Amino acid sequence: MRNLAWACTLVTTLGLGCGGPSKPTDATAGKPADSSGGKPADASGAASDDCAVVGEKSRPVLARMMGEAGGGDVDGAVTALVEKCRAEPRMREDAVFACTLAAADDVAVAACWQTGVKQYAAASGLVDAKAHLHLMATRAQQYYMERADLPPGTAPLTPASPCCGREAALCPVDAALWDAEPWATLYFKVDEPGRFQYAFESDGDTFTGHAVGDPECDGTPVSLRFQITRATIDRDPEITIDP
């Protein structure tokens, strides 16, 4: 699995993800986190220096992205990145860190960050798809508990067209899609923009749910699925990624 610590930290700084908008901290106010400044305990201090170098090289990227997101404290954001890098070794193992450290100019740094944020968005989309499939499975199980039958029917991929190519490469929320049958009977809906389409088929004895998407919009679609039968109705379904 990719180490996405730097990309996660960036989108947190911008208030776009990784658990929601970042909360104000001493670091984001430009103050050291502790008396040591968050520096690692090693005698050389090389890792700490690299954190500062990467933070400063990332400044133009932060300024541009924060400007697009409505503005913010760029100096504080750089400080936050550096302090977190010094405090968390995994930050220095991230591919974005190594790429930025070796980058020759601002264009190369921007390319490093663009790749990292794209990979983080893809990983987030996959987590979101799994969460929605778990919800779909729960709805099917609830239906069975109430009616002693699995919800019958077939729902084609919804929305009908892929999410790539749309604004921000996300499928927008469209309540009408989920209020229509057979989704309405299943009581399943997607109420936030996402990167996956959803489908299911059921004959009343076996229910199979699907999520299909191209998280990185690079022409490599991912298909996830789960299956519930009468015999496995009381078990948590296993979500698998189709080859």
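Criteria and thresholds
Residues numbered from 1 in each chain as written. Predicted model: local features only at pLDDT ≥ 70, side-chain atom pairs only at ≥ 80, totals over all residues. Heavy atoms only, no water. Axes fitted to C-alpha atoms, helices over the stretch in contact; angles between N-to-C directions. Helix = DSSP H or I, 4+ residues; strand = E, 2+ residues; numbered from the N terminus. Parallel < 35°, antiparallel > 145°, perpendicular 65-115°, else oblique. Left-handed = near helix turned anticlockwise from the far one by under 90°. Contact = heavy atoms within 4.5 Å. Nonpolar A, V, L, I, M, F, W, Y, C, P; charged D, E, K, R; others polar. Core = buried A, V, L, I, M, F, W, Y, C linked by side-chain atoms within 4.5 Å. Buried < 20%, exposed > 50% of the residue type's maximum accessible area, 1.4 Å probe, protein only. Phe/Tyr/Trp six-rings, centres within 6.5 Å; stacked < 30°, edge-to-face > 60°. Disulfide = S-S within 2.5 Å.

Trainee: Quick one: what's the story with the packing of helix 3 (residues 59-68) against helix 4 (residues 74-87), residue by residue and with numbers?
Mentor: Between helix 3 and helix 4, whose axes approach to 10 Å, the crossing angle comes to 130°. When the axis of helix 3 is compared with that of helix 4, the two are oblique. In the packing of helix 3 onto helix 4, the handedness of the crossing is right-handed. Residues Arg-59, Leu-62, Ala-63 and Met-66 of helix 3 pack against Val-74, Asp-75, Ala-77, Val-78 and Leu-81 of helix 4. Among the residues forming the contact of helix 3 with helix 4, the class breakdown is seven nonpolar, no polar and two charged.

Trainee: Talk me through the nonpolar core; I want residue IDs and the actual numbers.
Mentor: For soluble globular proteins, the rule of thumb is that nonpolar side chains tend to be buried together. Residues Met-136, Trp-183 and Tyr-198 are the most contacted members of the largest nonpolar core, which totals 24 residues. Where this core is concerned, the elements lending two or more residues are helix 6 (106-147), helix 8 (183-186), strand 2 (196-202), strand 3 (206-213) and strand 4 (222-229). In terms of residues, this core owes the most to one element, helix 6, which gives six residues. Judged by nonpolar contacts, the second largest core, of 12 residues, contains Cys-51, Leu-62, Val-74 and Cys-85.

Trainee: Could you give an account of the packing of aromatic side chains, with specific residues and numbers?
Mentor: The tally for this structure, following the rule as stated, stands at seven aromatic pairs. Look at Trp-178 and Trp-183: their rings are 5.0 Å apart centre to centre, the planes differ by 70°, and that puts the pair in the edge-to-face class. A centroid spacing of 4.9 Å and a plane angle of 20° characterise the contact between Phe-200 and Phe-207, whose relative ring orientation is stacked. For Phe-207, a relative accessible area of 0% puts it in the buried group. Joined through ring pairs, the aromatic side chains of Trp-178, Trp-183, Phe-188, Tyr-198, Phe-200, Phe-207 and Phe-226 make up one cluster.

Trainee: Help me get a handle on the state of the cysteines, residues and values and all.
Mentor: Under the definition given, this model contains four disulfides. Between the sulfur atoms of Cys-51 and its disulfide mate Cys-85 the distance is 1.9 Å. Its torsion about the S-S bond being -70°, the disulfide of Cys-51 and Cys-85 is classed as left-handed. Of this pair, Cys-51 sits in helix 2 (residues 46-57) while Cys-85 is found in helix 4, placing the two residues 34 residues apart along the sequence. There is no split in this pair, since Cys-51 and Cys-85 are both buried.

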